[in-house]
Amino acid sequence: MKIHKRTSFKKDARRKHHHWEAKVFYKDGETFARVYTDQDKAAGFAERQKKSPVVKMARVIQVS
């Protein structure tokens with residue numbers, strides 16, 4: 001069995017699109033995450049959630 005090196009997300013030519021996870025952290029300790037294929041939509045979701053008084057933090061990370 002061959003061992004493949006891990007490639008960076010930007011250099012992987014096999015991918016048709018990338019996945020972005022918008023994660024919301026609430027003040028009571030709960031978390032919620034939603035995955036998008038569009039970075040702008042994920043960032044918009046995180047910005048909308050930040051406006052809520054019960055949200056402690058919201059962030060977007062690339063997951064694949």
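Values in this document were obtained by computation on a predicted structure and should not be read as measured data.

**Structural notes on the nonpolar core**
Okay, so step 1: By size, the foremost hydrophobic cluster in this structure holds nine residues: Trp20, Ala22, Val24, Tyr36, Ala42, Phe45, Ala46, Val55 and Ala58.
Okay, so step 2: Taken together, the elements giving at least two residues each to this core come down to β1 (20-26), α1 (39-50) and β3 (55-62).
Okay, so step 3: In this view, Ala58 contacts Lys23, Val24, Ala46 and Lys50; residues no more than four positions away in its chain are not counted.

**Quick word on the pattern of salt bridges**
Okay, so step 1: Tallying each qualifying case throughout the model produces one salt bridge.
Okay, so step 2: Here Glu47 makes a salt bridge to Lys50, at a shortest N to O gap of 3.3 Å. On the criterion of helical spacing, the pair formed by Glu47 and Lys50 is a turn pair, its members being three residues apart in helix α1.

**Brief notes about the sheet that holds strand β2 (residues 31-36)**
Okay, so step 1: Taken together, the three strands give an open sheet; going across it, the order is β2-β1-β3, and neighbouring strands pair in antiparallel fashion. Every interior strand has two partners, whereas the edge strands, β2 and β3, have only one. Here the strands of the sheet are splayed against their neighbours by 15° on average, with no regard to which way each runs.
Okay, so step 2: Where β1 meets β3, seven bridges bridge the pair, whose relative direction is antiparallel. By the bridge assignment, Tyr26 is partnered in β3 with Val55.

Parameters at a glance
- Residues numbered from 1 in each chain as written.
- Predicted model: local features only at pLDDT ≥ 70, side-chain atom pairs only at ≥ 80, totals over all residues.
- Heavy atoms only, no water.
- Core = buried A, V, L, I, M, F, W, Y, C linked by side-chain atoms within 4.5 Å.
- Buried < 20%, exposed > 50% of the residue type's maximum accessible area, 1.4 Å probe, protein only.
- Helix = DSSP H or I, 4+ residues; strand = E, 2+ residues; numbered from the N terminus.
- Contact = heavy atoms within 4.5 Å.
- Salt bridge = Lys/Arg side-chain N within 4 Å of Asp/Glu carboxyl O.
- Pairing = 2+ DSSP bridges.
- Axes fitted to C-alpha atoms, helices over the stretch in contact; angles between N-to-C directions.

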